[in-house]
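For reference, the chains in residue letters:
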Amino acid sequence: SKGFLMSVGGFHPAFKAPQELNVPNLKRLTLTILSGNPNLVLTAYFAVTSNTVQFGAKIDFRFKAGSFSVVGYLQFDVLFQFSPFKFICNISAGLEVKMGSSTLFSIKLDFELSGPTPWNAKGTASFSILFFTFKVRLNVTWGDALEVIEPGIAVLPKLLDAMNLDANWATELPTNRFNLVTIAEIQAQAGQVVLQSFGALKVSQVIMPLNIEMNKFGNSPLADIKFANVSAFRLQSAGMTLDEVKESFAPSVYKAMSDDDKLKSPSYTLEKGGVKVSDTNELFVDYGFNRDVVYDVKISDFDPFPDPPPFEVDPAIFRLMIKGGAISQCPLSIETKQKNFVLNNAAVNIVEEQFVIIDNATLAQHGTNVFAGGSQAQANDALQSILLSKPELKGKISIASAYQVM
């Protein structure tokens, strides 16, 4: 799973790391300023994610004299969100005077400031003495509740720039092919790609997913296109067969989602990001051929006698001879010999989870001729398209994982 998290000492209490990243519970950075009696300990953390900066600290104090003790703390937690910009700051403090386990009197403060559109300050202050508690509450809002509307973004120029970027063009060996020849390093000029005669050429980008309808870009509306795809690829004048190249995209970046949908949706899904010329992938050559081995014998180039006739080598003797030959010692030959081709041909191919549209009443797949299956984003596009043409199906069809449909 793809994600970006950097932390020293943990995260803001209100921040929940994506479950698929398996982030462990991190212990706060701890500094013991005074040990023993009195005791003074400072804990702190700092974290950065793809859209937030978080930091905070807490200081704990304890002093004991006979059966009396004084316990106090001061804590703050701050979280900044970049887009759309907002922040929240929590401050809390408390002081207690105790006799044994009983509290004689205490004072506590919890305060929160958030903003900036609008600003809001709320908190509670309390004072307790023996069995009596007095509380004061504060909740004040000021400033205009402005809705931040980002300017529209033209996505097509960004997509074309990404497609024209040399780093997004690459070559790779097709399936079941070996790099039999080591080519001297060739420095490709700008706009050029070095491709072996049997190599596969691909171009891919991570600006926007292809073959999926977008309704936003980041936190901004779209100023030009909302759908793009690569339908053809030409080398000189020849059209080529294309395969999809999958890349990781965050659904919430290009799809408007409610907070509930964001919690249900995975952080990243594999969607089409480019294409690969698949023609050379179809080539397959057996790793070995059976043939008769016949040797010609020459005694001397200037011998007046005719050469002896060719003779066949006994296969058992031949197998003993080739063990010390250059081909048998070749790393490629050793690798090929060690492979279990029977298991390789029967290997399991793990693919991304597929989603389909089902009838809620029968739980059978709905309209295979309309949408046969695809990613969750593609299934959502298909569902919206069906409901647009047939509004009476609203509530009667939904999206489900393909493995749940028999």
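Scroll up for the structure.
Here goes a summary of the coordinates provided. (Residues numbered from 1 in each chain as written. Predicted model: local features only at pLDDT ≥ 70, side-chain atom pairs only at ≥ 80, totals over all residues. Heavy atoms only, no water.)

All right, on to the overall build of the protein chain then. When its secondary structure is counted, the protein chain shows eight helices and 19 strands. Burial statistics for the protein chain: of 406 residues in total, 25% are counted as buried. Sequence-distant contacts, at least 24 apart, represent 51% of the contacts inside the protein chain between residues at least 6 apart. Split by element, the accessible area of the protein chain, about 27800 Å² in all, is 59% carbon and sulfur. (Helix = DSSP H or I, 4+ residues; strand = E, 2+ residues; numbered from the N terminus. Buried < 20%, exposed > 50% of the residue type's maximum accessible area, 1.4 Å probe, protein only. Contact = heavy atoms within 4.5 Å. Areas by Shrake-Rupley, 256 points an atom, 1.4 Å probe, with all protein chains shown as cover.)

According to the stated counting rule, one finds seven aromatic pairs in the structure shown. Considering the side-chain rings of W119 and W142, the 6.4 Å spacing of their centres and the 10° angle between planes classify their relative orientation as stacked. With W119 in strand β8 (residues 119-129) and W142 in strand β9 (residues 132-142), this pair connects stretches of sequence that are 23 residues apart. Given the relative accessible area of 41%, W142 is considered partly exposed. The rings of F55, F76, F80, F87, W119 and W142 are connected pair by pair, giving a single aromatic cluster. The residue whose ring lies beneath K58 is Y73, and the NZ or CZ to ring-centre distance is 5.4 Å. (Phe/Tyr/Trp six-rings, centres within 6.5 Å; stacked < 30°, edge-to-face > 60°. Lys NZ or Arg CZ within 6 Å of the ring centre and 35° of its normal.)

Attention now goes to the pairing of strand β11 (residues 200-204). Within β11, four of the five residues are buried, which leaves it mostly tucked inside the rest of the structure. Both β11 and strand β15 (residues 269-277) contribute to a ladder of three bridges, which runs antiparallel. Bridge pairing links S204 to G274 in β15. (Pairing = 2+ DSSP bridges.)

In this section: unusual backbone geometry. With an omega of 5°, the peptide bond running from N37 to P38 counts as cis. For the bond running from G115 to P116, omega is 10°, close enough to zero to count as cis. Backbone geometry places L130, a non-glycine residue, at a positive phi of 55°. With respect to the helices and strands, L130 occurs in the loop between β8 and β9. With a relative accessible area of 57%, L130 lands in the exposed category.

With respect to the element layout, E112 can be found in strand β7 (residues 102-115). Its relative accessible area of 18% is what places E112 among the buried residues. One polar contact links E112 to N90, side chain to side chain, over a distance of 3.0 Å. The residues touching E112, leaving out its near neighbours within four places in the chain, are I88, C89, N90, N120, A121 and K122. (Polar contact = N/O pair within 3.5 Å; in protein donor to acceptor, adjacent residues only side chain to side chain.)

This part covers the pattern of salt bridges. By the definition in use, this model includes five salt bridges. Notably, a salt bridge pairs K58 with D60, separated by 3.8 Å at the nearest N-O pair. According to the relative accessible area criterion, K58 is partly exposed, its value standing at 28%. Residue D60 is classed as partly exposed on the basis of its relative accessible area, which comes to 30%. With a closest N to O distance of 3.1 Å, K246 and E244 form a salt bridge. (Salt bridge = Lys/Arg side-chain N within 4 Å of Asp/Glu carboxyl O.)

Time to look at a nonpolar patch on the surface. There is a patch of nonpolar side chains on the surface, built from L95, F105, I107, F127, I129, L130, F131, F132 and F134 and spanning about 970 Å² of accessible area. Every element with two or more residues in the nonpolar patch is listed here: β7, β8 and β9. (Patch = residues over 30% accessible without salt bridge, like charges linked within 9 Å, V, L, I, M, F, W, Y side chains within 5 Å.)

This part is about the environment of V356. Structurally, V356 can be placed in strand β18 (residues 355-359). With relative accessibility at 4%, the residue V356 sits in the buried group. Spatially, the C-alpha atoms of V356 and Q404 are 9.5 Å apart, while their sequence positions differ by 48 residues. In contact with V356, not counting residues within four places along its chain, are Q365, F371, A372, G373, S398, I399, A400, A402 and V405.

Without other data, these values stay purely geometric and don't point to any function.
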